Amino acid sequence: MKKIELDIVGLSYSQTQSGAYALVLGEVNGRRRLPIIIGSFEAQAIAIEIEKMTPSRPLTHDLFKSFAQAYNIQIQEIIIYNLVDGIFYAKLICSDGKKTVEVDARTSDAIAMAVRFDCPIHTYEFILSTAGIVIEGNDFVYLENLNEQPAEEKNPASPAGNYKSVSEDELKTMLQEALADEAYEKAAKIRDELNKRKAS
């Protein structure tokens, strides 16, 4: 089967499941999107790596990467290979240079590893045609209605917090506290506000 390459185009709060997030993967050189509902821990693990933030202690996915690299194991690609009853199935294609092994993984964990190993994410046509959405202008149109999918994906990024009235020193303190509490989404918003002030 021909593989289709995907990249991460958005990560937002799920509008259908409390405490969950919608990870949106996009077809490279295409107009289709694949929304996947994931847990908050995995969403944070993906977000902090994309944002290049450094937690005070290694997260589970960082530990896995360090462990793999200590034994010269690289993840070559991630494949989302099946979809059953609204659940996506993924595998890691790993190699030590001599032997290649496929390791089954939850899709959210596989994506968290893909961003750490900077490896491609692939899926198959039947998955995109079953669970994907296609962009019509600026709107999303569902190819098939899955109960697990969010009803709206027009704004994958969550709204930024309002930190304009807070002093720079207070922001720096808040940033350290957010990192210590592992509230990485909040930390990213504070960091963005600090960066805006430096640029102006």
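For the protein, an unreviewed UniProt entry supplies the name Bifunctional nuclease family protein and the organism Mucilaginibacter mali.

### Details of the packing of helix 1 (residues 40-50) against helix 3 (residues 107-117)
At their nearest, the axes of helix 1 and helix 3 sit 9 Å apart, and the two run at 15 degrees to each other. Considering the angle they form, helix 1 stands roughly parallel to helix 3. Once helix 1 is placed against helix 3, the crossing between them reads as left-handed. Note on element contacts: helix 3 touches helix 1 through Ser 108, Asp 109, Ile 111, Ala 112, Val 115 and Arg 116, opposite Glu 42, Ala 45, Ile 46, Ile 48, Glu 49 and Ile 50.

### Some remarks on the packing of helix 2 (residues 60-70) against helix 3
Packing of helix 2 against helix 3 brings their axes to within 10 Å, and their N-to-C directions diverge by 60 degrees. As far as their axial angle goes, helix 3 and helix 2 are oblique. In this structure, helix 2 crosses over helix 3, and the sense of that crossing is right-handed. Here His 61, Asp 62, Phe 64, Lys 65, Ala 68 and Gln 69 of helix 2 lie close against helix 3, whose contacting residues are Asp 109, Ala 112, Met 113, Arg 116 and Phe 117. In the contact of helix 2 with helix 3, the residues fall into five nonpolar, two polar and four charged.

### A word on the state of the cysteines
On inspection of all chains with the given rule, the structure shows zero disulfides. Cys 94 takes part in no disulfide bond, and the closest cysteine sulfur, belonging to Cys 119, lies 8.7 Å away. Classification of Cys 94 by relative accessible area gives buried; the value is 10%.

### Describing the packing of aromatic side chains
Where two aromatic rings form a pair, the distance of their centres and the angle of their planes describe that pair. The tally for this structure, following the rule as stated, stands at four aromatic pairs. Ring centres of Tyr 81 and Tyr 89 lie 6.4 Å apart, and the angle between their planes is 55 degrees; this geometry places the pair in the tilted category. Overall, the relative accessible area of 26% leaves Tyr 81 in the partly exposed class. The partly exposed category is assigned to Tyr 89, whose relative accessible area is 31%.

Rules used throughout
- Residues numbered from 1 in each chain as written.
- Predicted model: local features only at pLDDT ≥ 70, side-chain atom pairs only at ≥ 80, totals over all residues.
- Heavy atoms only, no water.
- Axes fitted to C-alpha atoms, helices over the stretch in contact; angles between N-to-C directions.
- Helix = DSSP H or I, 4+ residues; strand = E, 2+ residues; numbered from the N terminus.
- Parallel < 35°, antiparallel > 145°, perpendicular 65-115°, else oblique.
- Left-handed = near helix turned anticlockwise from the far one by under 90°.
- Contact = heavy atoms within 4.5 Å.
- Nonpolar A, V, L, I, M, F, W, Y, C, P; charged D, E, K, R; others polar.
- Disulfide = S-S within 2.5 Å.
- Buried < 20%, exposed > 50% of the residue type's maximum accessible area, 1.4 Å probe, protein only.
- Phe/Tyr/Trp six-rings, centres within 6.5 Å; stacked < 30°, edge-to-face > 60°.

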